[in-house]
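Summary of the model geometry
Read off the chains here:
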Amino acid sequence: MEAEAEARLLLQEARESIEAARSYRRELRHRLGGLQQARQQIRESATLTRDVLEQHFNDLKGTLKKLLDERLMSLLQEVDAIEQESIKPLDECQKLIEHGVSTADDLLQEGESAVHGDVGQQNEKLCNFTKKALHIQLDSLPEVPSLVDVPCLSAQLDDCLLTILKNEIFRHGTVASRPPVQLEEFVEKPGGILVRWCKVDDDFVPQDYRLQYRKSTASHFEDVYVGSETEFIVLHIDPNVDYQFRVCARGDGRQEWSPWSVPQIGRTTLVPHEWTTGLEGYSLSSRRNIALRNDSQSCGVLYSKAPTYFCGQTLTFRIETVGQPDRRDSLGVCVEQQNGYDSLQRDKAVCISTNGAVFVNGKEMTNQLPAVTSGSTVTFDMEVVQLGPSSNEGGNFKLRVTISSNNREVVFDWVLDQCCVSLYFGCSFSYPGWKVLVF
């Protein structure tokens, strides 16, 4: 018996060792896959970085050559203009001198003819020659500028430009082994994803961030947020579809953006919140997550299409535009849809009015929040606290409710006669102009 027991124990230990070896092998293979992904990321990012650098510096070469050619052409044109402007008066002076030489030649010929001519006509020729010589004013000569008075062109080329360019070029561009910011967390939201990121370079001082996303099947990223916050809720996300996200940052006082973070996949399994269609007093957006109180005289409570708000989540209303407030206005959640009411200020509902009053089961609380304005966000957070012996026996339950608005909040317990982990949401406005987004 002892031998059998020992054999069984050894067999059990062997089986456990085999299972441990299998688990160890699976973990090693998993880590090997992680190493291969890391190696692939390094190689792909290095190849992409080489392509970007080569393209950028080729573009710089082309641009610099174009700028240098344009500057050279401008200077040559300036030389041409100075040359033409300076030569023109010299040309005019040369014509005047040449004309004087020609006149002097003619006068000399005439004078020599008069001196050596026929004696009978000599007096008359000499008289005419003398008069002509006096008329020409042989003592008047055109002024020729000295060399120091005429332009002497030269090119002034400052060699420090090469030093400046050299220093700027050697400082131009950097290669980063890691981006200064990385994606940190994805939180599922109904029809959206809350994306959080963080700085991973202690020496980097961010001024603002830039978040992009795309469907995994799309070829191009698109901007979804630019600002100084380190989280953002991306809406209009189709449930159960993979999206790629990436983030970069701009340093304080800089114009250029940092390298992109490593792209990561995010998805939500939660269907988007939607308002129910068909209520005459409200117009809805194409995605049915925005409701506008229209000019219709019909009034009533606009409910969600389904009880899509689950305890443990955050329900957010954002006021896009405001209209005339009324004490019956309401934004909140309820256990069930009840037609015939013009407000959520009723039993089995909690809500906030546009003036900041909080109502629980139709009764106004003493605590009050600030009045909502255009751009205000109102959030509801709830967690279940069981009072009865079992959640399946219909005992009393309470929900711990936190309503926040404009950096203030109220917390209270909402007692119900049944367990409700999913709730409807709703709104009611007495006057037109109110527009509210839910997410």
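Residues numbered from 1 in each chain as written. Predicted model: local features only at pLDDT ≥ 70, side-chain atom pairs only at ≥ 80, totals over all residues. Heavy atoms only, no water.

1. Some thoughts on the overall build of the protein chain
As a reminder, the rule being used: Every helix listed is a DSSP run of H or I at least four residues long, and every strand listed is a run of E at least two residues long, numbered separately from the N terminus. For every residue, the accessible area (1.4 Å probe, protein chains only) is compared with the maximum for its type, and the residue is labelled buried under 20%, exposed over 50%, or partly exposed between those bounds. Here, two residues are considered to be in contact whenever any of their heavy atoms come within 4.5 Å of each other. Areas reported as accessible are Shrake-Rupley estimates using a 1.4 Å probe. Residue values count occlusion only from the protein chains shown. When charges are tallied, Lys and Arg are placed among the positive residues and Asp and Glu among the negative ones, while His and the ends of the chain are skipped. For charged residues, the charge sits on one atom: NZ in Lys, CZ in Arg, CG in Asp, CD in Glu.
Along the backbone of the protein chain there are 3 helices and 21 strands. Expressed as lengths along the three principal axes of its C-alpha atoms, the size of the protein chain is roughly 165 × 85 × 35 Å. Taken over 439 residues, the protein chain has a buried fraction of 29%. Within the protein chain, contacts between residues at least 6 apart in sequence are counted, and of these 60% link residues at least 24 apart. Summed over its atoms, the accessible surface of the protein chain is roughly 28,800 Å², and 51% of this surface lies on carbon and sulfur atoms. Here the protein chain contributes 46 positive and 63 negative side-chain charges, whose respective centroids are spaced 11 Å apart.

2. Focus: the sheet that holds strand β3 (residues 206-215)
Let me state the cut-off plainly: By definition, two strands form a pair when at least two bridges between them are found by DSSP. Each axis is a line fitted through C-alpha atoms, taken for helices only over the stretch in contact, and angles between the N-to-C directions span 0 to 180 degrees.
Strand order in the open sheet made by the 4 strands is β4-β3-β6-β7, with antiparallel pairing throughout. Taken across any chain shown, the strands that pair with only one partner, and hence form the sheet edges, are β4 (222-227) and β7 (264-266). Direction aside, neighbouring strands of the sheet carry axes that sit 30° apart on average. Pairing of strand β6 (residues 243-251) with β7, which is carried by 3 bridges, proceeds in the antiparallel orientation. Across the sheet, residue Q244 finds its bridge partner in β7, namely I265.

3. Some points on the domain arrangement of the protein chain
The cut-off we apply is this: An automatic or database domain assignment is the source of the domain bounds shown.
Parsing the protein chain into structural domains produces domain 1 (16-171), domain 2 (181-268) and domain 3 (282-438). Each of domain 1 and domain 3 has a C-alpha centre, and the two are 76 Å apart.

4. A look at the UniProt feature "domain: Fibronectin type-III" (unreviewed entry) in the protein chain
The test is simple: UniProt positions are given in the numbering used here, feature names are shortened, and annotations may be inferred rather than shown by experiment.
In the numbering used here, UniProt assigns the feature "domain: Fibronectin type-III" (unreviewed entry) to residues 179-272. As annotated, residues 179-272 has a helix share of 0% and a strand share of 52%, and its two end C-alpha atoms lie 33 Å apart.

5. Description of the UniProt feature "coiled-coil region" (unreviewed entry) in the protein chain
According to UniProt, the feature "coiled-coil region" (unreviewed entry) maps to residues 11-85 in the numbering used here. Structurally, residues 11-85 is divided into 100% helix and 0% strand, and its ends, taken at the C-alpha atoms, are 110 Å apart.

6. Details of the pairing of strand β2 (residues 192-199)
Taken together, the 8 bridges between strand β1 (residues 181-189) and β2 define a ladder with antiparallel strand orientation. Among the inter-strand pairings, F186 is bridged to a residue of β2, identified as V195. The loop that links β1 with its antiparallel partner β2 comprises 2 residues; one of these, G191, has a positive phi angle of about 70°. In this structure, β2 lies alongside strand β5 (residues 231-234), joined through 4 bridges in antiparallel fashion.

7. Some details on a nonpolar patch on the surface
Definition in use: Like charges are joined within 9 Å and nonpolar side chains (Val, Leu, Ile, Met, Phe, Trp, Tyr) within 5 Å, but only among residues with over 30% relative accessible area and no salt bridge; these make up the patches. Should a side-chain nitrogen of Lys or Arg be within 4 Å of a carboxyl oxygen of Asp or Glu, the pair is scored as a salt bridge.
Together, L53, F57, L60, L64, L67, L161, L165, I169, F170 and V175 make up a nonpolar patch on the protein surface, roughly 900 Å² of accessible area in all. Those elements that place two or more of their residues in the nonpolar patch are α1 (2-115) and α3 (160-171). At 5 residues, the largest contribution of residues to the nonpolar patch is made by α1. Structurally, the position occupied by L67 is in helix α1. Judged by its relative accessible area of 49%, L67 falls in the partly exposed class.

8. A word on the confidence of the model for the protein chain
Note the following rule: What pLDDT expresses is the predictor's confidence in each residue, scored from 0 to 100.
Taken as a whole, the protein chain shows an average pLDDT of 88; of its residues, 95% reach a score of 70 or greater. In the model, residues 390-395 has pLDDT below 50 throughout and makes 9 contacts with residues more than four positions away in sequence or in other chains.

9. Considering the side chain of K398
As a reminder of what qualifies: Throughout this description, a polar contact denotes any pair of N or O atoms lying within 3.5 Å of each other; where both atoms belong to protein, one of them has to be capable of donating a hydrogen while the other can accept it, and for residues adjacent in sequence the pair is counted only when both atoms sit in side chains.
Tracing the sequence through the fold places K398 in strand β18 (residues 397-405). Reaching out from K398, the side chain makes a polar contact with the side chain of D413 at a distance of 3.3 Å.

10. A short note on the packing of aromatic side chains
Here is the rule: Between 30 and 60 degrees the pair is tilted, below 30 it is stacked and above 60 it is edge-to-face, where a pair is any two Phe, Tyr or Trp rings, Trp via its six-membered ring, whose centres lie within 6.5 Å. Charge-over-ring contacts are defined here by two conditions on Lys NZ or Arg CZ: a distance within 6 Å of the ring centre and an angle within 35 degrees of the ring normal.
If you walk through the whole model with that rule in mind, you get 11 aromatic pairs. With a centroid separation of 5.3 Å and 45° between ring planes, the pair formed by F186 and F245 is classed as tilted. With F186 in strand β1 and F245 in strand β6, this pair connects stretches of sequence that are 59 residues apart. Since its relative accessible area comes to 0%, F245 is described here as buried. An angle of 25° between the planes, with centres 4.9 Å apart, marks the rings of Y225 and F232 as stacked. Among the aromatic residues, those joined into a ring-pair cluster are F186, Y213, Y243 and F245. Across the ring face of W257, the terminal group of R250 is positioned such that the distance to the ring centre comes to 4.1 Å.

11. A closer look at α1
The condition that has to hold: Here a helix's expected span is defined as the number of its residues, less one, multiplied by 1.5 Å.
A rise of 1.5 Å per residue sets the reference length of α1, with its 114 residues, at 170 Å; its end C-alpha atoms lie 165 Å apart and thus fit the reference within 8%. By the burial criterion, the buried members of α1 are S86, C93, L107, G111 and A114.

12. What to know about the nonpolar core
Selection rule: The criterion is simple. A nonpolar core is a set of buried Ala, Val, Leu, Ile, Met, Phe, Trp, Tyr and Cys residues joined through side-chain atoms within 4.5 Å.
Residues F317, M382, F412 and W414 are the most contacted members of the largest nonpolar core, which totals 37 residues. With 4 residues, strand β19 (residues 408-416) is the single largest residue contributor to this core. The residues contacting M382, other than those within four sequence positions of it, are Y309, C311, G312, Q313, V333, V350, L399, R400, V401, W414 and L423. Formed by 16 residues, the second largest nonpolar core is a distinct cluster that contains I193, Y209, L211 and F245.

13. Quick word on the side chain of N294
Positionally, N294 belongs in the loop between β9 (290-293) and β10 (302-303). Reaching out from N294, the side chain makes a polar contact with the backbone oxygen of E280 at a distance of 3.2 Å. In this structure the side chain of N294 is engaged in a polar contact, spanning 3.3 Å, whose partner is the side chain of S283. Dropping the residues within four chain positions of it, N294 is found in contact with E280, G281, Y282, S283 and P432.

14. Remarks on the sheet that holds β2
A sheet is described by the order of its strands in space; here 3 strands give the open sequence β1-β2-β5, paired in antiparallel fashion. This sheet does not close on itself; its edge strands, each paired only once, are β1 and β5. Neighbour-to-neighbour, the strand axes of this sheet turn through a mean angle of 20°, independent of strand direction.

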